[in-house]
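Tertiary structure, described
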Amino acid sequence: MSKSSLITGVYGRQVWDSRGRPTVEAEVTLASGAMGRGVAPAGASTGRHEALELRDGGAAFGGFGVNQAVANVNDAIADVLAGADALTPDAVDRLLIERDGTENKSRLGANACIAVSMAAAHAAAAHEGVPLYALLAGGDASVIPLPEIQIFGGGAHAGRRIDIQDLMVVCPGAASFAEALAWTAEIYRVAGTVMAARGARAGVADEGGFWPAFASNEEALETLSQAIETAGYRPLEQVAIAVDIAASEFGADGRYALALEGRQIDRDEMVGLLMAWIDRYPILSLEDPLAEDDAEGFALLMARCGTRMQVVGDDLLVSDGARVRDAAARGLANTVLLKPNQRGTLMEVRQAWEAAQAVGMGGIVSARSGETEDVTIAHLAVGWGVPQFKVGSFSRSERMAKWNEVLRIAEALGPKARFAGGAALRQGGSSDQGGAS
Ligand code: 2PG
Ligand code: MG
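In every chain, residue numbers begin from 1 and rise along the written sequence. Written order decides the labels, with chains lettered from A and ligands numbered from 1. Only residues with pLDDT of 70 or above have their local features reported here, since the model is predicted, and side-chain atom pairs are shown and tallied only from 80 upward, although totals for entire chains, interfaces and linings are computed over all residues. Water and hydrogen atoms play no part in the side-chain values, which are based on all heavy atoms of the structure.

Turning our eyes to something else, we now look at the coordination of the magnesium ion (ligand 2). For Na, K and Ca the donor cutoff is 3.2 Å, while for all other metals N, O and S atoms must lie within 2.8 Å; water is not among the atoms, so some sites may look incomplete. Of the protein atoms, only Asp244 (OD), Glu287 (OE) and Asp314 (OD) coordinate the magnesium ion (ligand 2), at distances of 2.0 to 2.2 Å. Read from N- to C-terminus, the donor residues coordinating the magnesium ion (ligand 2) fall into the pattern D-x42-E-x26-D. Taken together, the residues Glu287 in strand S13 (residues 283-287) and Asp314 in the loop between strand S14 (310-313) and helix H9 (321-330) connect sequence positions 27 residues apart. Per the convention used, a helix needs a DSSP run of H or I reaching at least four residues, while a strand needs a run of E reaching at least two, with both numbered from the N terminus.

This part covers the site of ligand 1. As a matter of local geometry, ligand 1 sits amid 16 residues, with Ala44, His157, Arg368, Ser369 and Lys390 nearest to it. Ala44 is positioned such that a nitrogen or oxygen atom in its backbone is 2.7 Å from an oxygen atom of ligand 1. Contacts to ligand 1 include Asp166, whose side-chain N or O atom sits 3.1 Å from an oxygen atom. Here the open area of atoms and residues is found with the Shrake-Rupley method and a 1.4 Å probe, where only the protein chains shown may cover a residue. When the free accessible area of ligand 1 is taken as 310 Å², the share hidden by the protein chains comes to 99%. Basically, the charged four are Asp, Glu, Lys and Arg, the nonpolar ten are Ala, Val, Leu, Ile, Met, Phe, Trp, Tyr, Cys and Pro, and anything else, Gly included, counts as polar. Class assignment for the residues of the shell around ligand 1 results in three nonpolar, five polar and eight charged. Where each domain starts and ends follows an automatic or database-derived domain assignment. Each of domain 1 (3-129) and domain 2 (143-427) contributes no fewer than three residues to the shell around ligand 1. Being near a molecule or strand, for a residue, comes down to having at least one heavy atom within 4 Å of it. By the criterion applied in these results, polar contacts are pairs of N or O atoms within 3.5 Å in which, for protein atoms, one can donate a hydrogen and the other can accept it, and in which residues neighboring in sequence qualify only through two side-chain atoms.

Let's shift gears to the environment of Val359. Within the fold, Val359 resides in the loop between helix H10 (346-358) and strand S16 (362-366). A 1.4 Å probe rolled over the protein chains alone gives each residue an accessible area, and that area as a share of the maximum for its type sets the label: buried under 20%, exposed over 50%, partly exposed in between. Looking at Val359, the relative accessible area reads 38%, which means it is partly exposed. Once the C-alpha coordinates of Val359 and Ala327 are considered, the two residues, 32 residues apart in sequence, prove to be 10.0 Å apart. Only heavy atoms matter for contacts: two residues are in contact if any of them lie within 4.5 Å across the pair. With sequence-adjacent residues up to four places away left out, Val359 is seen in contact with Val324 and Ala328.

This brings us to the side chain of Glu398. Structurally, Glu398 can be placed in helix H12 (residues 397-413). Polar side-chain contacts of Glu398 include one of 3.1 Å to the side chain of Arg399. Contact partners of Glu398, with chain neighbours within four places excluded, come to Ser18, Asp206, Glu371 and Thr372.

Quick look at the packing of helix H1 (residues 67-81) against helix H2 (residues 89-100) now. Between H1 and H2, whose axes approach to 10 Å, the crossing angle comes to 135°. As summarised for this structure, H1 and H2 are arranged oblique, according to the angle between their axes. Taken as a pair, H1 and H2 cross one another with a handedness that is right-handed. Residues Ala76, Ile77, Val80 and Leu81 of H1 lie in contact with H2, whose contacting residues are Val92, Leu95, Leu96 and Arg99. A class-by-class count of the residues in the contact of H1 with H2 yields seven nonpolar, no polar and one charged. Axis lines are fitted to C-alpha atoms, over the contacting stretch for helices. Their N-to-C directions set the angle, which ranges from 0 to 180 degrees. Any angle that is under 35 degrees is reported as roughly parallel, and any over 145 degrees as roughly antiparallel; angles of 65 to 115 degrees are reported as roughly perpendicular and all others as oblique. Left-handed describes a crossing whose near helix is turned anticlockwise from the far helix by less than a right angle; the clockwise case is right-handed.

Helix H8 (residues 295-305) packs onto helix H7 (residues 267-280) with a crossing angle of 35° between their chain directions and a minimal axis gap of 10 Å. The two elements H7 and H8 cross, and the hand of that crossing is right-handed. Of the residues in H8, those in contact with Arg267, Asp268, Val271, Gly272, Leu274, Met275 and Ile278 of H7 are Glu296, Gly297, Leu300, Leu301, Arg304 and Cys305. Split into classes, the residues belonging to the contact of H7 with H8 amount to seven nonpolar, two polar and four charged.

In structure tokens, the structure reads:
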């Protein structure tokens, strides 16, 4: 008699993401009748070393069609996973990796693979009758992450209206996840009012942050600082700024083209500019402050501010364990951003987090700019004990669904819940694991 946790069906369909583009949804069914579902997200400012998102190309939907990726779920993937045990998720992910057989998931597509990997994990949780975070934590879940929440969008998420991609807040002074959301709600509201008064509010960007009609990058930092203070919070101590520069979008070969300011600067000047911003504004976290190919720039910046600043690698590290180890050895960053579709299986992304913990780096589970109602990443953050969580802004339901899911998880954990808080922010590359345990 076969085990009831064996996979009996894998089904793929095309659904639509928050940018109105096609994406892959997968459903995995077990012999017990348990079913799990996962939907692939999609980036706009993708790193060169990410696993490949398989798109059809051609004229339809601007080339963003996923017919081939969906077919891969229904054919090759359904075939290879038939009879696999969902209760050994790493073995399921290894089957996906082997069937793909490439370095970057270019045969099956990382979008096809991650939808299935997430669906299989949900099926296992449903089979066990527990929430996914509990399954992932082996019953030991306790860490509730510090949220990193966007207030203004920019870069590739706002028609390159400003060079910087994400201006976010973190609330190191908040006592709980719920309080951090409440503070951010006030700041988001006040920021909208401040921008409207300046004539600089032009709708919302891809992740729900205000679309900034600013004259300079610095005006964005200045306006956000003002919003924090006007909302009544002490800058740095209670609420700080986190910036995703996403510098790979405007930098290469050690040169950076600041379109808004109409000038080109070199690596040293870019580091100088970042240092000036750190001195002038209440910034505690810099993501991709230099381009993905600029290891020299990252090392320079880390040497100058890595002891007091969280320096996050997104395009630089692409949720890859080997790149995390290499970056730690060379002092390039002190925190890894973890995005499931950058690798294509949950196992590989969890391994990047394990690599980060082994070298004393911090971690942030992150959404993509193209998202759906799928809330799997909330469960990954809690289930893996990753002390920070980045989802985009404080509007648009594909974002709010994920914040709200963490509220529900924190409530379900009750007295066991431990808010990672300000200790989660990496400052100094110490071997302290933030709030993770
Ligand atoms: C990032 C993400 C989310 P994208 O750069 O961190 O803001 O953007 O999904 O477009 O890569
Ligand atoms: Mg980023």
